[in-house]
Structure formats: structure tokens, C-alpha cells
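Examining the three-dimensional arrangement
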Amino acid sequence: MAKRKQKKSKNGSGGPGIAAISIGAAAIAAGAAVIGYAAMRLREPGNAEHEAPDLALDQPHPGPEDRAPEAFRPDPTAPVPASEREGLRPATGPAPTLVEGRTEPAYET
């Protein structure tokens, strides 16, 4: 009987093909995802907020007749610096629109 020659892979190494490596990588990734999901589900959920005991419902809250301490009240007679005057100027003129030229109502066109 004649011996048959074994076909070599195209990459010339004779090792596993790209498909086998891809399947192995996908299996490793799927295993890591399952382990990560399980670890996430087992972890106790934390609270990102801090406690604010002064805002608790059982604490007294200031009413409308209570005022802030004198040191925290703004001075209404204080002069306004020139750098802040533009920010305190009232808005006058037409309201801005999202689209240029769309200031008239649709039923008037």
C-alpha cells in the first residue's frame, strides 16, 4: 500500500488552526464573564451616599419664621463689582430658539 502524505496547514506550523484558537478564546472569555457575573451578584450592594443626621426626619427643621445667622446673610447694600454686573443684568429681548428663523408660531405661516 502506498503511504499518503499528510496535508500541512497553510500557516506552515502544523499546529491548531485559527478556528480552534478562536473557539478557545471565546470559551475563556465566556468563563470569565460567568465568573465576573457571579462575583458581582454575591457582593453586597453598597451605598454611595453618606449619612446626613441633621436632615433626618426626626430632627427639627427650620420654619418660615427662622432666619439664617447674621454671618451667613448677604448684604443687600453691598456694591456689586463691575466683573459681576453682567451676570446680574436682567434678560431682555426675544427668547433664544433652537433653530434660526423659527420664532413665529407654525399656524401663522
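Above this note sits the structure.
Residues numbered from 1 in each chain as written. Predicted model: local features only at pLDDT ≥ 70, side-chain atom pairs only at ≥ 80, totals over all residues. Heavy atoms only, no water.

Quick look at the overall build of the protein
Looking only at helices and strands, the protein features two helices and zero strands. Expressed as a percentage of the 109 residues in the protein, the buried residues total 0%. Total accessible area on the protein stands at roughly 11500 Å², and carbon and sulfur atoms take up 60% of it. (Helix = DSSP H or I, 4+ residues; strand = E, 2+ residues; numbered from the N terminus. Buried < 20%, exposed > 50% of the residue type's maximum accessible area, 1.4 Å probe, protein only. Areas by Shrake-Rupley, 256 points an atom, 1.4 Å probe, with all protein chains shown as cover.)

Considering the pattern of salt bridges
Considering all chains together, one arrives at two salt bridges under this definition. Measuring nitrogen to oxygen at the nearest pair gives 3.0 Å for the salt bridge that ties Arg73 to Glu70. Overall, Arg73 belongs to the partly exposed group, its relative accessible area being 30%. Glu86 serves as the salt-bridge partner of Arg89, at 3.2 Å between the closest nitrogen and oxygen. (Salt bridge = Lys/Arg side-chain N within 4 Å of Asp/Glu carboxyl O.)

With respect to the environment of Val80
Mapped onto the elements of the fold, Val80 is located in the loop between helix H1 (18-42) and helix H2 (82-88). Residues contacting Val80, with those up to four places away along its chain left out, are Arg85 and Leu88. (Contact = heavy atoms within 4.5 Å.)

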